[in-house]
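Notes for the structure review
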Amino acid sequence: MTRALPYWHVDAFADRPFAGNQAAVMPLEAWLDDATLLAIAEENMFAETAFVIRDASGAADWELRWFTPTEEVRLCGHATLASGHVLLGRDGGDRVTFRTRHAGILEVRKAGEGYELGLPLIKTAPRGWDEAVALLGTDPLDVWRNDTRYNVFLFADEATVRSLTPDLRGLGKLGNDQFICTAPGSATDVVSRVFVPGGGVDEDSVTGSAHAVLTHFWSERLGRDSFTAHQASRRGGTLTCRRAGDQASLGGPCVTVVEGKFFY
């Protein structure tokens, strides 16, 4: 028997189609088995597919899980923003909350012409990683890391970040880490590129979770709690970053590209 599921294709952190980061958003009546969720995400072939069901616990409005084409992940920012865009657009309201398995309660709220996404602030500390630096091909000024596999490589300028040609196969062998390469920006305060080849995404387009890292990293260096950022991928995306206690508030618009049914 063929089944049909609601399906949205959203460009997140984008004010027009074909920019920002693509996500599929699929509200479900109940959880499908994990193998089916992964197969759907593999079929979609986006960096992330977000699945949501109504939260019966009362802790939030929805439960939320994210899958790349190869695995389930612990945190994804752009697909959370996309989920908020879909649900607020469909159901109305000014805010929506999500209960997640590993990242706690997340919130998306309307803000001007776009949205703000609240994520846990992710802190890093100085710690070298010679093997990863060699694979990036250019020596950074500094390396900051944490034990949840987020790694920040600070470079002197935007041109260096844009010119990086890392050994993606080699980086992928190091594990499912984020390799966040960043520098002061020209048109924005901060610029970055993010590589996650061990998680099935060679270069991510616009990465919310990486900016939860960069919100802490750059607020310390800039000496202020808010700044603008641009992720210099091929599609590219610009967002605002604001530090609020132990939260990173990330702002940006979304665009729905496709609304329909997924049949399997």
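Here's a quick rundown of the structure. In this text the structure is predicted, and so the values were computed from the model without any measurement.

Quick word on the overall build of the chain
Scanning the chain for helices and strands turns up six helices and 18 strands. Relative to the compact-globule value of 18 Å for 264 residues, the chain shows a C-alpha radius of gyration of 18 Å, a close match. The principal-axis extent of the C-alpha atoms belonging to the chain is close to 55 × 35 × 35 Å. Residues counted as buried form 57% of the 264 residues belonging to the chain. For the chain, the accessible surface area stands at approximately 11,400 Å², while carbon and sulfur atoms represent 48% of it. In the chain, which carries 26 positive and 35 negative side-chain charges, the distance between the mean positions of the two groups comes to 2 Å.

Regarding empty space enclosed by the protein
If you walk through the whole model with that rule in mind, you get one cavity of 30 Å³ or more. Taken as a whole, the largest cavity holds about 30 Å³ of empty space. If you trace the largest cavity, you find it lined by Leu64, Arg65, Trp66, Glu72, Val73, Arg74, Arg101 and His102. Elements with a contribution of two residues or more to the lining of the largest cavity: β4 (62–67) and β5 (72–73). Grouping the amino acids of the lining of the largest cavity by side-chain chemistry returns three nonpolar, one polar and four charged.

A word on the pattern of salt bridges
If you walk through the whole model with that rule in mind, you get 18 salt bridges. Glutamate 72 serves as the salt-bridge partner of arginine 65, at 2.8 Å between the closest nitrogen and oxygen. Its salt-bridge partner being arginine 109, residue glutamate 116 comes within 3.3 Å of it at the nearest N-O pair. Given a relative accessible area of 22%, arginine 109 falls into the partly exposed group.

Examining the side chain of serine 205
With respect to the secondary-structure elements, serine 205 resides in the loop between β14 (201–204) and α6 (208–222). For serine 205, a relative accessible area of 13% puts it in the buried group. Excluding residues that lie within four positions of it along the chain, serine 205 makes contacts with Gly20, Asn21, Gln231, Ser233 and Arg235.

A short note on unusual backbone geometry
The general pattern is negative phi for most residues beyond glycine and trans for most peptide bonds. Residues other than glycine seldom take positive phi values, yet phenylalanine 13 does so here, at roughly 55°. Structurally, phenylalanine 13 can be placed in the loop between β1 (4–12) and β2 (21–27). We note that methionine 45 has phi near 60°; this positive angle belongs to a residue other than glycine. Summarising the element assignment, methionine 45 is placed in the loop between α1 (34–44) and β3 (48–54).

Calculation notes
- Residues numbered from 1 in each chain as written.
- Predicted model: local features only at pLDDT ≥ 70, side-chain atom pairs only at ≥ 80, totals over all residues.
- Heavy atoms only, no water.
- Helix = DSSP H or I, 4+ residues; strand = E, 2+ residues; numbered from the N terminus.
- Rg over C-alpha atoms; globule rule 2.2 N^0.38 Å.
- Buried < 20%, exposed > 50% of the residue type's maximum accessible area, 1.4 Å probe, protein only.
- Areas by Shrake-Rupley, 256 points an atom, 1.4 Å probe, with all protein chains shown as cover.
- Lys, Arg positive; Asp, Glu negative; His and termini not counted.
- Charge placed at Lys NZ, Arg CZ, Asp CG, Glu CD.
- 1 Å grid on protein atoms, 1.4 Å probe; cavity = no way out; pocket = protein on both sides within 12 Å on 5 of 7 lines; lining within 4 Å.
- Points joined across faces, edges and corners; volume = space filled by probe spheres on them.
- Nonpolar A, V, L, I, M, F, W, Y, C, P; charged D, E, K, R; others polar.
- Salt bridge = Lys/Arg side-chain N within 4 Å of Asp/Glu carboxyl O.
- Contact = heavy atoms within 4.5 Å.

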